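Structure at a glance
Each chain, letter by letter, is given below.
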Amino acid sequence: MPHMPGASLGCLTVSSDRPFAQRLAHALDSPCTEAILTHFPDGEMDVQWPPGSIPQTAVLAVSLAATESTSLHDRLMQVIFGLHQLKTAGVTRCIGVMPYLGYARSDTKTTPTDLLGLRVVAQHLHQAGLSGVLTVDVHTPAALHNAFPGPTWSVNPVPAMAADLRSHLPPEAPLAVCAPDVGAWKRAQAWAKALATPERESIELAMVHKQRIRPDKVTQDAFTGRVEGRTVIVVDDMISTGGTMAQAVRTCYEHGAHAVWAAATHGLLVDPAPVRLAEVGIKGVLVANTIPEDRVADTPLAERLHVVDVAPTCAEQLDAVLPTGVL
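Calculation notes
Counting starts from 1 at the beginning of each chain's written sequence and moves along it residue by residue. Only residues with pLDDT of at least 70 are given local features in this predicted model, and only at 80 or more are side-chain atom pairs given and counted; all residues enter the totals for whole chains, interfaces and linings. Water and hydrogen atoms play no part in the side-chain values, which are based on all heavy atoms of the structure. Here an axis means a line fitted to C-alpha atoms, over the contact stretch when the element is a helix, while the angle between two N-to-C directions is reported on a 0 to 180 degree scale. Secondary structure elements follow DSSP: runs of H or I of four or more residues count as helices, runs of E of two or more count as strands, with numbering from the N terminus. Any angle between 65 and 115 degrees counts as roughly perpendicular, while under 35 counts as roughly parallel, over 145 as roughly antiparallel, and the rest as oblique. If you view the pair so one helix is near and one far, a crossing is left-handed when the near helix is turned anticlockwise from the far one by less than a right angle, and right-handed when it is turned clockwise. In this description, contact between two residues means that some pair of their heavy atoms is separated by no more than 4.5 Å. We call Asp, Glu, Lys and Arg charged. Ala, Val, Leu, Ile, Met, Phe, Trp, Tyr, Cys and Pro are nonpolar, and the rest, Gly among them, are polar. We place a 1 Å grid over just the protein atoms. Points where a 1.4 Å probe fits but has no way out form a cavity, open points with protein on both sides within 12 Å along at least 5 of 7 lines form a pocket, and any residue with an atom within 4 Å of a point lines it. Grid points are joined across faces, edges and corners, and a volume is the space filled by probe spheres set on the points. When two cysteine sulfur atoms are found within 2.5 Å, that pair is recorded as a disulfide. Note on exposure labels: buried denotes an accessible area under 20% of the residue type's maximum, exposed denotes more than 50%, and partly exposed covers the range between, all computed with a 1.4 Å probe on protein chains only. The rule for pairing is simple: two strands pair if DSSP sees at least two bridges between them. Think of pLDDT as the predictor's per-residue confidence, scored from 0 to 100.

**Looking at the packing of helix 1 (residues 18–28) against helix 9 (residues 311–321)**
Between helix 1 and helix 9, the least distance of the axes is 8 Å, while the angle of their chain directions is 45 degrees. Our classification of the angle between helix 1 and helix 9 gives oblique. Read as a crossing pair, helix 1 and helix 9 show a hand that is right-handed. Here Phe20, Arg23, Leu24, Ala27 and Leu28 of helix 1 come into contact with helix 9, specifically with Ala311, Pro312, Cys314, Ala315 and Leu318. Classifying every residue of the contact of helix 1 with helix 9 by side-chain character gives nine nonpolar, no polar and one charged.

So this is what it looks like as structure tokens:
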């Protein structure tokens, strides 16, 4: 891929994000360097970059999501320390490719004392040396744009994910796309458009109108759409504990669906999501590779999870903006 003449571009990452970073670096035709992390007995850490690895333009590929061994907040400090080290080393500009951006949902106040976590995180990242942020399917793109002082981009993963999902579906199967709540209606429309082919009959749209009775539990309110005899894809931006998705899958089956898939960009899949989704008889779960590690290994959902690589999509967006001088 072409880049700015004479510019030195390199991808930098930490060990847990190596698979995504290597795919991104390959798509950008650039080297990929892993940070040297040191953890001290008192809980403090140090982040160093190998000598000679610092490019003029750094692409820091790190997902701000917790892993089994590292909390979200420790990962955030790894990023901030790493950025300070890059700035000290004289990096011209640093773009953060953060396929999942922790605290992105904390973007709206419902009471005057609510904390806008997204704004706090964005400001710390910028002060540490981040020039711009590229993420995947962020909760509210306008909120990220307003929170971060530099340029931001939210990559649309639906075309790549829909192309992958089509390979798992019988070409003649009648389809329906279901929104698990009102907020996902536009997403359902986008998925229906992306899944459409000349050979396939029209794709039905459906929606579950839900009522949330507490943060981790939802109850069905109403259902619209025709799903009887169809393969249904329930779409959302993420699956966390799986309550919303499991309820929607159950509702689709109650209305006669032949088979039900879940498609969500971010597969957080924290406990008890794998068991919940398996118990409602889900056919498959499609997610993007925005979360650093497999959350469903050794669970009933393991053989039903399909992961789509969106690193090339991120690279395409980067390739479009790097030569423009926006950063």
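The discussion continues.
**Describing the layout of surface pockets**
The calculated volume of the second largest pocket comes to roughly 310 Å³. In terms of lining, the second largest pocket is formed by 21 residues, of which the most central are Asn289, Ile291, Pro292, Glu293 and Val307. The leading source of residues in the lining of the second largest pocket is helix 1, at three residues. Looking at the lining of the second largest pocket residue by residue, the classes come out as 10 nonpolar, five polar and six charged.

**Here's the deal with empty space enclosed by the protein**
For the coordinates displayed, the defined rule picks out four cavities of 30 Å³ or more. Its volume calculated, the largest cavity comes out at about 60 Å³. If you go around the largest cavity, you meet 13 residues; those closest to its centre are Ala104, Asp137, Val138, His139 and His266. Secondary structure elements with two or more residues in the lining of the largest cavity: strand 7 (132–136) and strand 12 (231–239). Of the residues that constitute the lining of the largest cavity, the class distribution is seven nonpolar, three polar and three charged.

**Regarding the state of the cysteines**
Enumeration over the complete set of coordinates arrives at zero disulfides. Considering cysteine sulfurs only, cysteine 11 is the nearest to cysteine 32, which forms no disulfide, with 5.8 Å between them.

**Observations concerning the pairing of strand 4 (residues 45–48)**
The alternating pattern of strand 4 places Met45 and Val47 on a buried face, while none of Asp46 and Gln48, on the opposite face, is buried. The hairpin formed by strand 3 (residues 36–39) and strand 4 contains five residues between the paired strands, and glycine 43 there has a positive phi angle of roughly 95 degrees.

**Topic: the confidence of the model for the chain**
In the predicted model, the chain carries a mean pLDDT of 91, and the fraction of residues at 70 or more is 93%. Mean pLDDT values for the elements of the chain range from 72 in strand 11 (residues 217–224) up to 98 in strand 13 (residues 259–267). Counting contacts from residues 1–6, a segment whose pLDDT is below 50, to residues more than four positions away or on other chains yields 13 contacts.

**Looking at the pairing of strand 12**
Summarising burial for strand 12: nine of the nine residues are buried, a large majority. As paired elements, strand 9 (residues 175–179) and strand 12 share four bridges and run parallel to each other. Looking across to strand 12, one finds that leucine 175 is bridged to threonine 231. The pairing of strand 12 with strand 13 spans eight bridges and is classified as parallel.

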